[in-house]
Amino acid sequence: MDNQKNIAPLLRNLFVFFFVIGGCYQLAAQSTIFVAPYGNDKNNGTEKQPLKSIKVAQYKAREQKGEVIIYLRNGIYRLDKALIFTSQDGNNEKQLVLCSYPGEQAVICGGIRLELQWQSYKNRIMMAKVSPKVAIDMLLVNGKIRSMARYPNFDSTAVRFNGTSADATSPERVKTWKNPAGGYLHAMHVNDWGDFHYRITGKDNDGKLELEGGWQNNRPYGLSAENRMVENIFEELDAPGEWFYNPDESVLYYYPLPDEDLDQAKIEVAWLKHLIKFRGTAQNPVKNITIKDIELTQTVRTFMESYEPLLRSDWTIYRGGAVIFEGTENCCLSNCYLHNLGGNAVFFSNYNRNSSISRSHITQIGASAICFVGDTGAVRSPCFNYHSSVLYEKIDREPGPKTNNYPANCLVYDNLIHTIGLFEKQISGVEISMSQAITVSHNSIYDVPRAGVNVSEGTWGGHIIEFNDIFETVKETGDHGSFNSWGRDRFWHSDREEMNKITAKEPSLILADAISTAVIRNNRLSSDRGWDIDLDDGSSNYYIYNNLCLKGGIKLREGFYRVVENNILVNNTFHPHVWFENSGDVFSRNIVMSPYQPINLLGWGTLIDYNIFTDDMALKKAKKNGTDGHSIVYPVEFQDPENGNYRVVNSAAPVFRMGFLNFDMDGFGVVSPDLKRLAKKPRMTLPIVKTEDKESNIIVWQGWCIKNMETLGERSATGMDSERGVYVVTIVKFDSPIRDFIKANDVILKFKGKTVNNLNDLEEAANHADLSKPVEMVVFRNQNEMVITIPGNIIKLDKP
């Protein structure tokens, strides 16, 4: 592969890595200050006479010159307000480190502990007076977040919001609530494009809720009628682990879990929105501050705060988090444990240069893990709604940003990010908007309701997304990818005819915002309910290579100048959608395992050729479209796919003659030993490849590719005891009616009571079943048989 064209971003990446990591770890302190929970703020801050509060230690550090370390001794530091660091704390002459004392663990906490006297209420529900009076938004019992009283009840197996129901807001149910004011309605977007949140302010006599909110999504096309959940409703307090707080009476009600002893339990409530803020500007930045080896926990939920649109993307966002970087240079958060946070974990807002987050564990997060969001004032000709546009004559023709008030040259390195989006679903492991040259490297990101990495628009490109392990994504939403982007930049218009005219008349506008190439390389990606890589509306100027796409393939919607080469698309394919006549796109030297899925193309780009197909029918279809004149069909064998090694065997000379090069299969995800021990890995997808003597017998049923369970490898991948059942390979239609119920790598064993040993059995059972009624299926998933129930009229009478 010719990597010379990528040498500039590679060198930039190495520079950022060594500069930032070096800045975090190579400070030699000239002075030290000690803080301990048992200290006294009248002490002098020595090891033997520590201070008690971090704030006092911060003021004392400002009196020092050169390099200062504030050591926090073991224990919990509960804040009454956020710590704020300014240029007084870190500048060209002063460097500051805030960290745990070696071998100890300091906890910075935005919550308080309640000392309660419990008494019985009724039906196993306990009650206690809370004093002094506090607002309670997020309750933790023994360090675990508990659910507000809700309907439907919490169900860890449910697809969305841990349980949704169409009758959550039915007048019949609402009429049973005495006073729902203060409750919340959470609902999915009608198209599964994220979610909405509302505060309930009351109800009318007809049982209709009175609401405020709904500003959390930038495509407000309506709420799902089925996927709704309400919480903080006293009458719904009916399940173990639920709670309700009456602020008027200062009484907390809690339904304990079966084994919980409330007299011994630790009851805590989050009450701060932010824990740490770096507060600077481009003119007066905060410099050279490192926060490391600290546990950060307990902030309130923020889904009802003020949100702002991220230009014309689908997102709106709350500009805040537990840790906020604004106006920083060479500041870093390293080796920290961030958990039980109600909103975003880390937020880089506006001007930031050479700052980073690294080697950290981020989990149990209400919204996004890490966000980079610049200032809309830095954008030329900005628009803030999908359907809005600047008049062609008034578009600013100057390329690039107007100001420097945005994040650039920042690093996200070696972080374990999982189980996020607890309360909000339009979120991401790493969100990038109005930023430039952000490197996201060696992170493990999984258990995410939407994208693992999301880029909201082209402003201003230059990002490097590399060596990440991203899987179990798009778990609660739809029409998305493990990596997702939009590019509704200056050239883009919601009227396609108008956009065609603009790009033909003035092609220089295409890259006026996406001024630098974004690189996606050497990642392992997997999405059961979406594409592995999804470049949506307008996404332009991308170089995508050396990626292992385990399930969802690669989609490129209308955009320009995307080069996609040397990727492996396991059991899936290339999805080009609504391309321009002259898009300049390249798709070459990729391993493709099923037919292309084009939709409404005006052209086929610059080069679609020299690919390796494992299915002769797929190549024949491609050639009918006038592409892939030099591509080949070959029964590709991989070295050890069951254990994640998808290197092509050395004997496959025709594959290498096409120019395909093997790439590293051992470097995905986190690299720190402690994080590697904690991190999950994706379940490997076995490639289904046709050979000369045996057909794969894959068919499409209800939008899924399925086949007979018939190889030892398939048994190993699923954990089955024998070669029986129907193996679910991958989803091919993301609007499949059963996508909320079936998962890739499932094995269907029974259909409405009928044993399913093969495809014929499934066809027979489906054809003779009353599909207007709920359908019970037994599937083998995660080493266990489980029963799933699909509502009536979902599965159609089509044959498998």
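This one's a predicted model, so the numbers in the text were calculated from it and none came from an experiment.

## Concerning the pairing of strand 2 (residues 66-72)
Part 1 of the reasoning: Among the seven residues that make up strand 2, seven are buried, leaving the element largely enclosed by the rest of the structure.
Part 2 of the reasoning: Relative to strand 2, strand 1 (residues 31-35) runs parallel, the two sharing five bridges. Along strand 2, the bridge assignment pairs V35 with L72.
Part 3 of the reasoning: Note that the unit made of strand 1, helix 2 (residues 54-62) and strand 2 has a crossover that is right-handed.
Part 4 of the reasoning: Across seven bridges, strand 2 lies against strand 5 (residues 94-100) in parallel orientation. Looking across to strand 5, one finds that G66 is bridged to K94.

## A look at the environment of V787
Part 1 of the reasoning: Within the secondary structure, V787 sits in strand 66 (residues 784-790).
Part 2 of the reasoning: Sequence separation of V787 and G667 is 120 residues, and the distance between their C-alpha atoms is 37 Å.
Part 3 of the reasoning: Once residues lying within four places of it in the same chain are set aside, the contact partners of V787 are E776, M777 and V778.

## A look at helix 4 (residues 496-505)
Part 1 of the reasoning: Within helix 4, the full set of buried residues consists of M499, N500, I502 and T503. Projection of helix 4 onto a plane perpendicular to its axis shows the buried side chains occupying an angular sector of 165°, all on one side. Turned more than 90 degrees away from the buried face of helix 4, the exposed residues are E497, K501, A504 and K505.
Part 2 of the reasoning: The distance from a side-chain oxygen at the start of helix 4 to the backbone nitrogen of E497 is 3.0 Å, and the residue carrying that oxygen is D495.

## Some thoughts on the sheet that holds strand 12 (residues 147-148)
Part 1 of the reasoning: Within the open sheet, the five strands sit side by side as 8-9-19-18-12. Their pairing is mixed. Here the strands that pair on one side only, and so sit at the sheet edges, are strand 8 (119-122) and strand 12.
Part 2 of the reasoning: Bridge analysis of strand 9 (residues 125-129) against strand 19 (residues 251-254) gives four bridges, and the strand direction is antiparallel. Within strand 19, the residue paired with K129 across the bridge is V251.

## Here we look at the sheet that holds strand 10 (residues 138-141)
Two strands in a sheet stick together by hydrogen bonds in their backbones, pointing the same way (parallel) or opposite ways (antiparallel).
Part 1 of the reasoning: Across the sheet, four strands lie side by side as 7-20-10-11; this open sheet has antiparallel pairing. This sheet does not close on itself; its edge strands, each paired only once, are strand 7 (111-114) and strand 11 (144-145).
Part 2 of the reasoning: Here strand 10 runs beside strand 20 (residues 267-270); their pairing, made up of four bridges, is antiparallel. Across the sheet, the residue bridging to L139 is V269, located in strand 20.

## Quick word on the packing of aromatic side chains
Part 1 of the reasoning: In the structure shown here, the tally under the stated rule is 32 aromatic pairs.
Part 2 of the reasoning: Centroid distance Y121 to F234: 6.1 Å. Interplanar angle 50°. Geometry classified as tilted. Taken together, the residues span a long stretch of sequence, with Y121 in strand 8 and F234 in the loop between strand 17 (223-231) and strand 18 (242-246) at a distance of 113 residues.
Part 3 of the reasoning: You can call Y121 partly exposed: its relative accessible area is 31%.
Part 4 of the reasoning: Measuring from centroid to centroid gives 4.4 Å for F560 and F580, while their planes differ by 20°, and the two rings are stacked. Here F580 lies in the loop between strand 52 (574-576) and strand 53 (586-588) and F560 lies in the loop between strand 49 (554-556) and strand 50 (562-565), a separation of 20 residues in the sequence. Residue F560 shares its accessibility class with F580, and that shared class is buried.
Part 5 of the reasoning: Taken together, the ring pairs in this structure connect F574, W579, F587, Y596, W604 and F613 into an aromatic cluster.
Part 6 of the reasoning: Over the aromatic face of Y386 sits the side chain of R219, whose NZ or CZ is 3.9 Å from the ring centroid.
Part 7 of the reasoning: Stacked on the ring of Y406, the Lys or Arg R353 has its end atom at 4.7 Å from the ring centre.

Rules used in this analysis
Residues numbered from 1 in each chain as written. Predicted model: local features only at pLDDT ≥ 70, side-chain atom pairs only at ≥ 80, totals over all residues. Heavy atoms only, no water. Buried < 20%, exposed > 50% of the residue type's maximum accessible area, 1.4 Å probe, protein only. Helix = DSSP H or I, 4+ residues; strand = E, 2+ residues; numbered from the N terminus. Pairing = 2+ DSSP bridges. Right-handed = clockwise from strand over helix to strand, strands pointing away. Contact = heavy atoms within 4.5 Å. Arc of directions from axis to C-beta. Polar contact = N/O pair within 3.5 Å; in protein donor to acceptor, adjacent residues only side chain to side chain. Phe/Tyr/Trp six-rings, centres within 6.5 Å; stacked < 30°, edge-to-face > 60°. Lys NZ or Arg CZ within 6 Å of the ring centre and 35° of its normal.

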